[in-house]
Amino acid sequence: MRWRCPLEFREATLSNGLEIVAECNPRAYSVGVAYFVNTGSRDETDDIAGVSHFLEHMVFKGTPQRTADDVNRELDEIGSHSNAYTSEERTVYYSNLLPELQERAVDLLSDLMRPSLRENDFNTEKQVIIEEIYKYEDQPPFGAHEKCMNAHFGSHPLGRSILGTVESVTGLTSDAMRSYFERRYSPGNMTLVAAGRVEFEQLVAQAEHLCGGWQSFETHREAPSLAPRNGREIFVKDSAVQQYVVLMSRGPAATDNDRYAARVLGAVLGDDSGSRLYWDLVETGLAEYAVLASHEFQGAGIFMAFLCCTPEQTVENLDRIQGILSAAEQEGITESELNQAKNKIASQVVLASERASNRLFAVGSGWTQRREYRTVKETVDAYQAVTLDDVRAVLDNYQLTQNTMVAVGPLTDLPDLAG
Amino acid sequence: MPQEIFTHQFNNGLVLLAEPMDWLESAAFTMLLPAGCSRDPEQFAGLSNVTSEMLQRGAGSRDSRQFVEAIENLGVDGTSGVSNSHTTFAAAMPATNLYEALSIYADLIRRPWFPEDQMSEGLQVCLQEVWALEDDPAQQAIVQLKKQHYRDPWGRSCQGTEESLAKITIDDVRQQFEKTYHPNETIIGIAGKFDWATLLDQVAELFEDWKPFQNGEIQAGVPQEKYWHKKCDSTQTHLGVAYDSVPYRHPDYYQARGAVGVLSDGMSSRLFTEVRERRGLCYTVYASMHSLQDRGSVLCYAGTSTDRAQETLDVMMAELLRLSQGIQQNELDRLKARVKSSLIMQQESSRSRSGSVAVDWYYLGRVQTMEEISQKIDSLTCESINSFLNRHQAGNFTIVTLGENALEVPVGIS
């Protein structure tokens, strides 16, 4: 599929270090603006576990200029679709809206980046965070992903929980949150990202006016070396009907060039349709789902497989998965599998790119993870360029059969799996 | 630029709707087949879902692997699902591959093999969906709320039960297919980059000789209990509340939609503000319009911890009742801004527009242009919505709870 729109990538940096990047598409119907902050659970310590995510909520609770009600009201007044998310290494605040409202959105989002963190709001919102923790405890896969990140990464910062626990959140003080904010939300650690029908000059001028006075300070992120533990952990949940299992092994990091080959391999082995896991476990009805994909972080990466099936079927299914991974390691994948996966991914990339909101995340992630901008075409070309040799190299470099396993569900015991 | 929507009804009843979006490089289709689970015979609950599953196990010249290979190589990103009224196949793809994708899906819905030797695997896939629902009390709350609020079969969900699935044979599947996959009542919505004259010829070639079939009337079941509780071993209680409103085709639909928007659209909406922001009672709370062809309702949900469940329900109910006292101009202004920006953003997605045109035809027998919807939104006033709310006060609630304890439900609902 051709991409015919004349897109332009623009960038600017304020003197305090705040970077501004945008993919300007004069034909888009909307514009997306976001602040990407390089902070997340990996930047926390035990005594403030969950603070990044809690802070993300508190940011919407107002500033010296705006009450919490003002913020919510204004976000709706501009007809925006706004939200935020927190991951292991990023906190992102975004707003998608009509192009003529860009200025109001930037005004509001920029103000939010310097929140008041008022004590009253802090105490009320703490209850919401605790409810959110309960919500994830109560819905499949019952925290299996976080539990496996913890088991796989061990004491490495990527093993930390994003939500924290009821205990850690309960014990958190607004002073501790403020101190965390003051260590992490430096303009040099943040990027203002835009995509769609962006007015770039106006964006930069406005950012200079609104954010130019933010004090810059040093931020630091620990990136210790990684020793995956490849352990086996079982969490018994009697009330569950199904068994949920996560398998994790090493994979390319965000800046590794073999990440495209890893994603293609993930699609061949574990996409939710047309993959080896799909044909062997899902289409046969042996599992509700069985998927595998690669995920990249700064300085580390993983292949992650997810299995959900009946407790009775779990051991056989895990054997099958390990068999599929082991067959891939020994024999590789076929040319037709490679091409099918490439065609599928290329089309998904192009289809997603039609929405400005999707480009916002693609541009923001690329820039904050790699300081790199790629057009849709360059991304598609990078996938199309993957060869069987590239996939072979990924299979050799990251042994998918050497994995950490976490199971959540009725089972009390799982036998060790053959490698 | 005025929006152009092509419509054509073939002699066999099939409706083709097509909305050109020349600025995109993609195309998408949504096929609505009159094979919803409201058509399942009572003893075979889940039959439509099994039929949809078995359909994808070989059709035309392709077995299931060849089918998946073909669509993935064409870059077709497809989904399927069974709702109360329809079985839906929807897909987006590079515009150049639209015809090939349509022809593959024509095989699927017209020439399935229904291989008997794959029946047990197909049933097993559907059983997994039954078990998945059992592990998800939030989803169960909404599924059960519809069951309690609407008479059977309109309140059904598609999964069926372990018992009902066990009774289904390949012959039942074949019969269900004969009865429910027919061109009359089928709607194909297409949006994206295409040439209408060529598309019309292509769709004619693929579907014009499909024979119509007249299915029987659906029989209504008996009314259900207005309060339903299930004890769950969980730290949370899941609450569902439903009350009658108007369906999509009702002249007052946008009045009702406006009122629900004030209740639940956006971060300054009443439920979000009162239940979550002011009191911190829950993480998720919402209300939404739900429409069948001839009736509609408002469905609300909140998930909260056990010891705060009663307060959450009480605050929610108070907001539902307070709505009839009227809405404010600033609430309406915010709602209009949100709805209009959503409408405009739909133009970035062929997938979204193909679904909208098909669904419009099902409910209205025509497609509303975005301009027309926009005018309807513009014409909403506080007076018009408040007058609607006066005539349709929230009441006669249906309530479901899943959690440790049953709750005190408001007087006058049973």
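None of the values given here were measured: they were computed from a predicted structure. (Residues numbered from 1 in each chain as written. Chains lettered and ligands numbered in written order. Predicted model: local features only at pLDDT ≥ 70, side-chain atom pairs only at ≥ 80, totals over all residues. Heavy atoms only, no water.)

## With respect to the overall build of chain B
Then comes step 1: The helix and strand tally for chain B stands at 15 helices and 11 strands.
Then comes step 2: Relative to its length of 414 residues, chain B is compact, with a C-alpha radius of gyration of 22 Å against a globular reference of 22 Å.
Then comes step 3: In terms of overall dimensions, chain B has C-alpha extents of about 60 × 55 × 35 Å along its principal axes.
Then comes step 4: The burial tally for chain B puts 61% of its 414 residues in the buried class.
Then comes step 5: Here the analysis covers contacts within chain B between residues at least 6 apart in sequence; of these, 82% occur between residues at least 24 apart.
Then comes step 6: Both charge centroids of chain B, one from 36 positive and one from 55 negative side chains, sit 5 Å from each other. (Helix = DSSP H or I, 4+ residues; strand = E, 2+ residues; numbered from the N terminus. Rg over C-alpha atoms; globule rule 2.2 N^0.38 Å. Buried < 20%, exposed > 50% of the residue type's maximum accessible area, 1.4 Å probe, protein only. Contact = heavy atoms within 4.5 Å. Lys, Arg positive; Asp, Glu negative; His and termini not counted. Charge placed at Lys NZ, Arg CZ, Asp CG, Glu CD.)

## Quick notes on the overall build of chain A
Then comes step 1: Helix and strand counts for chain A stand at 15 helices and 11 strands.
Then comes step 2: Taken over the C-alpha atoms alone, chain A extends approximately 60 × 55 × 35 Å along its principal axes.
Then comes step 3: In chain A, which comprises 419 residues, the proportion classed as buried is 60%.
Then comes step 4: Restricting the contact set of chain A to residue pairs at least 6 apart, pairs at least 24 apart contribute 82%.
Then comes step 5: Per element, the accessible surface of chain A, about 15700 Å² overall, is 46% carbon and sulfur.
Then comes step 6: Across chain A, 38 positive and 62 negative side-chain charges occur, with their mean positions spaced 4 Å apart. (Areas by Shrake-Rupley, 256 points an atom, 1.4 Å probe, with all protein chains shown as cover.)

## Concerning the interface of chain A and chain B
Then comes step 1: Listed as interface residues are 62 residues of chain A and, on the opposing side, 68 residues of chain B.
Then comes step 2: A combined buried area of about 5500 Å² lies between chain A and chain B, and 51% of that area is made up of carbon and sulfur atoms.
Then comes step 3: At the junction of chain A and chain B, the tally comes to seven salt bridges.
Then comes step 4: A salt bridge links R276(B) to E125(A), with the nearest nitrogen and oxygen atoms 3.8 Å apart.
Then comes step 5: Counting across the chain A and chain B interface gives 32 residue pairs in polar contact (both at pLDDT 80 or more).
Then comes step 6: If you list the elements that add at least two residues to the side of chain A that touches chain B, you get α2 (68–77), β4 (81–86), β5 (91–97), α4 (119–137), α10 (276–282) and α12 (335–353) of chain A.
Then comes step 7: For the side of chain A that touches chain B, the leading source of residues is α4(A), giving nine residues.
Then comes step 8: By residue class, the composition of the side of chain A that touches chain B is 21 nonpolar, 22 polar and 19 charged. (Buried area = accessible area lost by both parts, 1.4 Å probe. Salt bridge = Lys/Arg side-chain N within 4 Å of Asp/Glu carboxyl O. Polar contact = N/O pair within 3.5 Å; in protein donor to acceptor, adjacent residues only side chain to side chain. Nonpolar A, V, L, I, M, F, W, Y, C, P; charged D, E, K, R; others polar.)

## Quick word on the nonpolar core
Then comes step 1: Formed by 98 residues in total, the largest nonpolar core has its most connected members in F29(B), Y105(B), I190(B) and F207(B).
Then comes step 2: Ignoring any residue separated from it by four or fewer positions in sequence, one finds F29(B) in contact with F89(B), A90(B), A91(B), M93(B), L98(B), A101(B), L102(B), Y105(B), G189(B), I190(B) and S354(B).
Then comes step 3: Counting residues in hydrophobic clusters, the runner-up holds 55 residues, among them Y35(A), M58(A), L75(A) and F272(B). (Core = buried A, V, L, I, M, F, W, Y, C linked by side-chain atoms within 4.5 Å.)

## Regarding the sheet that holds strand β8 (residues 243–250) of chain A
The pairing of strands in a sheet happens through backbone hydrogen bonds and is either parallel or antiparallel.
Residues and elements named next belong to chain A.
Then comes step 1: Reading across the sheet, the five strands line up as β7-β11-β8-β10-β9 and stay open at both edges, with mixed pairing between neighbours. With partners counted over all chains shown, the strands left at the sheet margins are β7 (232–236) and β9 (289–297), one partner each. Across the sheet, the axes of successive neighbouring strands diverge by a mean angle of 15°, strand direction being ignored.
Then comes step 2: For β8 and strand β11 (residues 404–409), the ladder comprises five bridges, and the chain directions are antiparallel. The residue bridging L247 from the neighbouring strand is M405, located in β11. (Pairing = 2+ DSSP bridges. Axes fitted to C-alpha atoms, helices over the stretch in contact; angles between N-to-C directions.)

## Some remarks on the confidence of the model for chain B
Then comes step 1: A residue-level look at chain B finds 99% of positions with pLDDT of 70 or above and a mean pLDDT of 95.
Then comes step 2: Both scores are available for the predicted complex, with the pTM at 0.95 and the ipTM at 0.94. (pLDDT = per-residue confidence, 0-100.)

## Quick notes on helix α5 (residues 144–153) of chain A
Then comes step 1: Of all the residues in α5(A), the buried ones are A144(A), C148(A), M149(A), A151(A), H152(A) and F153(A).
Then comes step 2: Those residues of α5(A) that are buried lie in contact with β7, β8, β9, β10 (300–309) and β11 of chain A.

## As for the sheet that holds strand β11 (residues 398–403) of chain B
Residues and elements named next belong to chain B.
Then comes step 1: Strand order in the open sheet made by the five strands is β7-β11-β8-β10-β9, with mixed pairing throughout. Edge positions in the sheet fall to β7 (227–231) and β9 (284–291), since each has one partner strand and no second. Strand-to-strand twist in this sheet, taken as the mean axis angle between neighbours without regard to direction, amounts to 10°.
Then comes step 2: Relative to β11, strand β8 (residues 236–245) is paired through five bridges, and the arrangement is antiparallel. Bridging across to β11, H238 finds its partner in L402.

## Re empty space enclosed by the protein
All names here are of chain B.
Then comes step 1: Enumeration over the complete set of coordinates arrives at six cavities of 30 Å³ or more.
Then comes step 2: Here the second largest cavity defines a volume of roughly 100 Å³.
Then comes step 3: The wall of the second largest cavity is formed by 16 residues, among which Y243, L323, F388, L389 and H392 lie closest to the centre.
Then comes step 4: Among the secondary structure elements, those contributing two or more residues to the lining of the second largest cavity are β8, α9 (253–264) and α15 (382–391).
Then comes step 5: Along the lines of polarity and charge, the residues of the lining of the second largest cavity split into 11 nonpolar, four polar and one charged. (1 Å grid on protein atoms, 1.4 Å probe; cavity = no way out; pocket = protein on both sides within 12 Å on 5 of 7 lines; lining within 4 Å. Points joined across faces, edges and corners; volume = space filled by probe spheres on them.)

## With respect to the packing of aromatic side chains
Then comes step 1: Summed over all chains, the structure comprises 28 aromatic pairs over all chains.
Then comes step 2: Consider the rings of Y253(B) and Y254(B), whose centres lie 5.3 Å apart with planes at 85°: the pair is edge-to-face. As far as burial versus exposure is concerned, Y253(B) and Y254(B) are alike and both buried.
Then comes step 3: For the cation-ring pair, R114(A) lies above W214(A), with the distance from its terminal atom to the ring centre recorded as 4.2 Å.
Then comes step 4: Of note, K135(A) hangs over the ring of Y136(A), and the distance from its end group to the ring centre comes to 5.3 Å. (Phe/Tyr/Trp six-rings, centres within 6.5 Å; stacked < 30°, edge-to-face > 60°. Lys NZ or Arg CZ within 6 Å of the ring centre and 35° of its normal.)

## Here we look at the packing of helix α9 (residues 259–270) of chain A against helix α15 (residues 388–397) of chain A
Residues and elements named next belong to chain A.
Then comes step 1: As a packed pair, α9 and α15 sit with axes 9 Å apart at the nearest point and diverge in direction by 85°. As summarised for this structure, α9 and α15 are arranged roughly perpendicular, according to the angle between their axes. Taken together, the residues of α15 that come into contact with α9 (itself represented by A261, A262 and L265) are D390, V391, V394 and L395. (Parallel < 35°, antiparallel > 145°, perpendicular 65-115°, else oblique.)

## What about the packing of α9(A) against α12(A)?
Residue and element names in this part refer to chain A.
Then comes step 1: The N-to-C vectors of α9 and α12 enclose an angle of 105°; their axes lie 9 Å apart at closest approach. Relative to α12, α9 is oriented roughly perpendicular. Contact with α9, carried on its side by R263, V264, A267 and V268, involves E337, L338, A341, K342 and I345 of α12 and no other residues of that element.
Then comes step 2: In terms of residue class, the contact of α9 with α12 is built from six nonpolar, no polar and three charged.

## Notes on the pairing of strand β10 (residues 296–305) of chain B
Residue and element names in this part refer to chain B.
Then comes step 1: For β10, the buried fraction is high: 10 of the 10 residues fall into the buried class.
Then comes step 2: Of the two faces of β10, both are covered, the one formed by G296, V298, C300, A302 and T304 as well as the one formed by S297, L299, Y301, G303 and S305.
Then comes step 3: In this sheet, β10 lies alongside β8 in antiparallel orientation, the contact comprising 10 bridges. Residue pairing in the sheet places L239 in a bridge with A302 of β10.
Then comes step 4: A loop of four residues connects β9 with β10, the two strands running antiparallel in sequence.

## Overview of the pattern of salt bridges
Then comes step 1: In total, this model carries 54 salt bridges over all chains according to the counting rule given.
Then comes step 2: E74(A) is the partner of R66(A) in a salt bridge, and the nearest nitrogen-oxygen pair spans 2.9 Å. Per residue, the accessibility class of R66(A) equals that of E74(A), and both read buried.
Then comes step 3: Ionic pairing is found between R111(B) and D107(B), a salt bridge with its closest N-O pair at 2.9 Å.
Then comes step 4: Judged by relative accessible area, D107(B) falls into the buried class, the value being 12%.

## What to know about the pairing of strand β4 (residues 77–82) of chain B
Residues and elements named next belong to chain B.
Then comes step 1: Of the strand pairs in this sheet, β4 and strand β5 (residues 87–94) are connected by six bridges, and their pairing is antiparallel. Each bridged residue has a counterpart across the sheet, and for D77 the counterpart in β5 is A92.
Then comes step 2: Hairpin connection from β4 to β5: four residues lie between these consecutive antiparallel strands.

## Description of the state of the cysteines
Then comes step 1: Within this structure, the stated rule accounts for zero disulfides over all chains.
Then comes step 2: No disulfide involves C308(A); its sulfur sits 6.7 Å from that of C309(A), the nearest cysteine. (Disulfide = S-S within 2.5 Å.)

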